[in-house]
Amino acid sequence: MAALDGLPPLRDVIERFGLDARKALGQNFILDLNLTQKVARTAGPLDGVTVIEVGPGPGGLTRAILALGAKKVIAIERDPRCLPALGEIADHYPGRLEVIEGDALKIDFATLATDGPARVIANLPYNVGTQLLINWLLPPQWPPFWQSLTLMFQKEVAQRIVAREDDNHYGRLGVLCGWRTETYMAFDISPLAFTPPPKVTSTVVHLTPKLEPIPCTVARLERVTEAAFGQRRKMLRQSVKSLGGEALLAKAGIDPTRRAETLSVEEFCRLANCL
């Protein structure tokens, strides 16, 4: 892809700007531009699409998204060292790359999507990835600002995102994702594809919003899942005792001897609605 977009190889960019990946920022850079294109393609055709990217670093994924035809990329980068490298990409694609320096956890993403729903494509920093996903899953308004999420996580987190009942990885995150989105794991990425190599395999996950999820209050669903999975080895009559115990379970029509990991998303919503 270096020949395709006419920009220097990422390894040269990193060396020229001194962009050593920093563990404190959860940084792991992908230098293989063919691989970043594969990640971007997972989001579907990008012609005319506005894309939001978090943690672009030296811009490998950013370049892939732009080369595949995105109308505009809004990139949020916390590390000021990366701004000059991203500036070169912005100059190469006039008017198509906007870089915002800041903490993604403090940004109101809905205000960025001014041209209709945007797609989020990101190699998320490991230390904030799960929290960002939860923020995107639980906005005050639904449907959300995003048309889809194509995100890279540690494989263990990806397994929790797509897990459903009776799966060892099933928990609060699986319930929240299953409630409001359709999810699938697209492909794994070896640690060797990153600089520096992390100790774990990464996985690209794709999520699309359900336009009409089961009616349920976010706060109640969070309370129920927190209680149920907080004592996941115990029967529900014990784990949700603080919320009403057997009386609550009876109202929802759920056997009190079951455990949290056996309940479907629909049953958790029913339980939350009976609070």
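Reading guide: rules and limits
Residues numbered from 1 in each chain as written. Predicted model: local features only at pLDDT ≥ 70, side-chain atom pairs only at ≥ 80, totals over all residues. Heavy atoms only, no water. Helix = DSSP H or I, 4+ residues; strand = E, 2+ residues; numbered from the N terminus. Buried < 20%, exposed > 50% of the residue type's maximum accessible area, 1.4 Å probe, protein only. Contact = heavy atoms within 4.5 Å. Salt bridge = Lys/Arg side-chain N within 4 Å of Asp/Glu carboxyl O. Pairing = 2+ DSSP bridges. Axes fitted to C-alpha atoms, helices over the stretch in contact; angles between N-to-C directions. Phe/Tyr/Trp six-rings, centres within 6.5 Å; stacked < 30°, edge-to-face > 60°.

### What about the environment of Gly 55?
Thinking step 1. Mapping Gly 55 onto the fold places it in the loop between strand E2 (50-54) and helix H4 (60-67).
Thinking step 2. Gly 55 gets classed as partly exposed once you look at its relative accessible area, which sits at 24%.
Thinking step 3. Expressed as a C-alpha distance, the spacing of Gly 55 and Leu 124, which sit 69 residues apart in the sequence, is 6.1 Å.
Thinking step 4. Among all residues touching Gly 55, those that are not within four sequence positions of it are Ile 76, Glu 77 and Asn 123.

### Considering the pattern of salt bridges
Thinking step 1. If you walk through the whole model with that rule in mind, you get 9 salt bridges.
Thinking step 2. We note a salt bridge from Lys 72 to Glu 98, for which the minimum N-O separation is 3.0 Å. In this pair, Lys 72 is assigned in strand E3 (residues 72-77) and Glu 98 in strand E4 (residues 97-101), connecting sequence segments 26 residues apart.
Thinking step 3. The shortest N-O distance in the salt bridge between Arg 258 and Glu 267 comes to 2.8 Å.
Thinking step 4. Judged by its relative accessible area of 22%, Arg 258 falls in the partly exposed class.

### Observations regarding the sheet that holds strand E6 (residues 146-154)
Thinking step 1. Spatially, the 7 strands line up as an open sheet ordered E4-E3-E2-E5-E6-E9-E7, and their pairing is mixed. In the strand order of this sheet, the two ends are held by E4 and strand E7 (181-189), each with one partner. Recorded for the sheet is a direction-independent mean angle of 20 degrees between the axes of neighbouring strands.
Thinking step 2. Note that E6 and strand E9 (residues 202-209) share 6 bridges and pair antiparallel. Among the inter-strand pairings, Leu 149 is bridged to a residue of E9, identified as Leu 207.
Thinking step 3. Its contacts with the sheet put helix H5 (residues 83-92) on E3 and E4, and the angle it makes with E4 is roughly 165 degrees.

### Things to note about the packing of aromatic side chains
Thinking step 1. The final tally for this structure, using the stated rule, is 5 aromatic pairs.
Thinking step 2. For the ring pair Phe 109 and Phe 145, a centre distance of 6.0 Å and an interplane angle of 15 degrees mean the geometry is stacked. Pair noted here: Phe 109 is in the loop between E4 and strand E5 (118-123) and Phe 145 is in the loop between helix H6 (129-137) and E6, with a separation of 36 residues, a long-range link.
Thinking step 3. Seen in terms of ring centroids, Trp 142 and Trp 146 are 5.8 Å apart; in terms of plane orientation they differ by 85 degrees. Their pairing is edge-to-face. We note that Trp 142, like Trp 146, is buried.
Thinking step 4. Three or more aromatic residues joined by ring pairs form one cluster here, namely Phe 109, Trp 136 and Phe 145.

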